[in-house]
Amino acid sequence: MQNLVIAATESTPEVNFDFESGQFSLRGESWPENAAAFYRPLLVALESWQPAQSGQIEANIALRYFNSSSTKMLFSLFDLFNQLAQKGQKVELNWFFDEEDDVSEEFGQELALDFTDLQVNLRAEMAS
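Our subject in this report is the structure included herewith. All figures in this text were calculated on a predicted structure; none of them were measured in a lab. (Residues numbered from 1 in each chain as written. Predicted model: local features only at pLDDT ≥ 70, side-chain atom pairs only at ≥ 80, totals over all residues. Heavy atoms only, no water.)

1. What about the overall build of the chain?
Okay, so step 1: Of regular secondary structure, the chain possesses three helices and six strands.
Okay, so step 2: In the chain, the order of α-helices and β-strands from amino to carboxyl end is β-β-β-α-β-α-β-α-β.
Okay, so step 3: In terms of overall dimensions, the chain has a C-alpha envelope of 40 × 25 × 25 Å along the principal axes.
Okay, so step 4: When burial is assessed residue by residue, the chain has 45% of its 128 residues classed as buried.
Okay, so step 5: Within the chain, residue pairs in contact and separated by at least 24 positions form 67% of the contacts whose partners lie at least 6 positions apart.
Okay, so step 6: For the chain, the exposed area adds up to about 7100 Å²; of that, 46% sits on carbon and sulfur atoms. (Helix = DSSP H or I, 4+ residues; strand = E, 2+ residues; numbered from the N terminus. Buried < 20%, exposed > 50% of the residue type's maximum accessible area, 1.4 Å probe, protein only. Contact = heavy atoms within 4.5 Å. Areas by Shrake-Rupley, 256 points an atom, 1.4 Å probe, with all protein chains shown as cover.)

If you want it as structure tokens, here you go:
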């Protein structure tokens, strides 16, 4: 399956979905005018992916800011990762947040509660 790489813009995150290695990352900010249109190709690609049974999947999410419509799409994305975990894949979700951003940290904690089949790791980072 072809990798999905999208450069960051002012309002959309950098996307790097490496299907062969099972490495997925979103980095930057997410407040596109149409979040569904931005995230739909990511969701479709992940839905159609057939991972190797023994492989480990790692999702690294480092969003400095995301709006409410992005939140809904992120939950859809995490739900797909959760479904893969329910099918026996080992899925690690690394949620990176600014150590001074309580809202982002709480969002990561909520992910751990909502997606219980994922191994969610909260990773505090220093503000740059």
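2. Focus: the side chain of asparagine 94
Okay, so step 1: Inspection of the secondary structure assignment puts asparagine 94 in strand E5 (residues 90-98).
Okay, so step 2: In this structure the side chain of asparagine 94 is engaged in a polar contact, spanning 3.2 Å, whose partner is the side chain of arginine 123.
Okay, so step 3: Beyond its immediate chain neighbours, meaning those up to four positions away, asparagine 94 contacts Glu58, Ala59, Asn60, Ile61, Asn121 and Arg123. (Polar contact = N/O pair within 3.5 Å; in protein donor to acceptor, adjacent residues only side chain to side chain.)

Scope: geometric values only; no functional claims are made or implied.
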